[in-house]
Amino acid sequence: MVKLLTKKLSFYYHSELPIYVSQDSPHLLAGGKVGGALQNIIPRSTNAAKALGQVLPDLEGKLTAASVRVPLASGSLIDLTCRLKKEASLDEIRCALCEAMDGSMVGIIDVTNEKVVSSDFIGSHYSCVYDSRASMVVGKKFVKLFAWYDSEYGYACRVIDLIKFMHAEQKS
């Protein structure tokens, strides 16, 4: 989603808040406090911004990221907040994502206009399901976009895609 928006709309700065599923029992909380993962929202560190900067060098130093663990069965949420270089409506953003969904990113990106919750994405093979109902534009250049994914299954699907790609490259 970040790569597509950078190409289509471009932005100055953004922050990303991946909201992950709790995957293990007690976590060490800030200040050394231990809390059960099923009873607490837990702030965690993430290298998401650094990794995106390495994959998309034009974004190096323009990204920040934070992470929280939330006690859910599965289904993760990205809260992407950014200031665009040019004005864009939610409809323009949705259209750009739909174009990618039907083109170069088929099977990787999806768009939903339905009312959804995290459990709707358990077992989803998409890396990003843009939630057009939850997303918003503040002013004309500041956007807050939400996207859902199953961090385990979606990741596994991308690993399989990578193996297929490597196999095809090896044959040629």
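Residues numbered from 1 in each chain as written. Predicted model: local features only at pLDDT ≥ 70, side-chain atom pairs only at ≥ 80, totals over all residues. Heavy atoms only, no water.

Draft legend 1. Layout of the overall build of the protein. Of the regular secondary structure elements, the protein holds four helices and eleven strands. Out of the 172 residues in the protein, the part that is buried amounts to 39%. Restricting to contacts in the protein with at least 6 residues of sequence separation, those with at least 24 account for 68%. Approximately 10,100 Å² of the protein is accessible, and the part contributed by carbon and sulfur atoms is 57%. (Helix = DSSP H or I, 4+ residues; strand = E, 2+ residues; numbered from the N terminus. Buried < 20%, exposed > 50% of the residue type's maximum accessible area, 1.4 Å probe, protein only. Contact = heavy atoms within 4.5 Å. Areas by Shrake-Rupley, 256 points an atom, 1.4 Å probe, with all protein chains shown as cover.)

Draft legend 2. Inspection of helix α2 (residues 48-55) at higher detail. Listed in full, the buried residues belonging to α2 are A48, A49 and G53. Mapping the buried residues of α2 onto a view down its axis gives an arc of 135°, with all of them on the same face. Turned more than 90 degrees away from the buried face of α2 sit K50, Q54 and V55, all of them exposed. (Arc of directions from axis to C-beta.)

Draft legend 3. View of helix α3 (residues 90-102). Compared with the 18 Å implied by 1.5 Å per residue over 13 residues, the 18 Å span of α3 between its first and last C-alpha is a close match. Within α3, the full set of buried residues consists of I93, A96, L97, C98, A100 and M101. (Expected span 1.5 Å × (residues − 1).)

Draft legend 4. Layout of the confidence of the model for the protein. Of all residues in the protein, 73% have pLDDT values of 70 or greater, and the mean over the chain is 79. Mean pLDDT across the elements of the protein bottoms out in strand β2 (residues 27-28) (43) and peaks in strand β8 (residues 109-112) (96). In the model, residues 20-33 has pLDDT below 50 throughout and makes 39 contacts with residues more than four positions away in sequence or in other chains. (pLDDT = per-residue confidence, 0-100.)

Draft legend 5. Fine view of the side chain of S151. Looking at the secondary structure, you find S151 in helix α4 (residues 151-171). Exposure remark for S151: the relative accessible area of 16% places this residue in the buried category. Only 3.1 Å separates the side chain of S151 from the side chain of E152, close enough to count as a polar contact. (Polar contact = N/O pair within 3.5 Å; in protein donor to acceptor, adjacent residues only side chain to side chain.)

Draft legend 6. A look at the packing of aromatic side chains. A complete count under the given rule lists one aromatic pair for this structure. Ring plane angle 5° and centroid distance 5.3 Å describe the contact between F121 and W148, whose orientation is recorded as stacked. Pair noted here: F121 is in the loop between β8 and β9 (128-131) and W148 is in strand β11 (residues 142-149), with a separation of 27 residues, a long-range link. (Phe/Tyr/Trp six-rings, centres within 6.5 Å; stacked < 30°, edge-to-face > 60°.)

Draft legend 7. Representation of the pattern of salt bridges in the model. This model, assessed by the stated rule, comprises three salt bridges. The partner of K144 in a salt bridge is D79, with the nearest N and O atoms 3.0 Å apart. Residue K144 is located in strand β11, and its partner D79 is located in strand β7 (residues 76-84); the two are separated by 65 residues in the primary sequence. The salt bridge partner of D91 is R94, with a shortest N-O separation of 2.5 Å. Highlighted residues: D91 and R94, both in helix α3, separated by three residues, approximately one helical turn. For R94, a relative accessible area of 25% translates into the label partly exposed. (Salt bridge = Lys/Arg side-chain N within 4 Å of Asp/Glu carboxyl O.)

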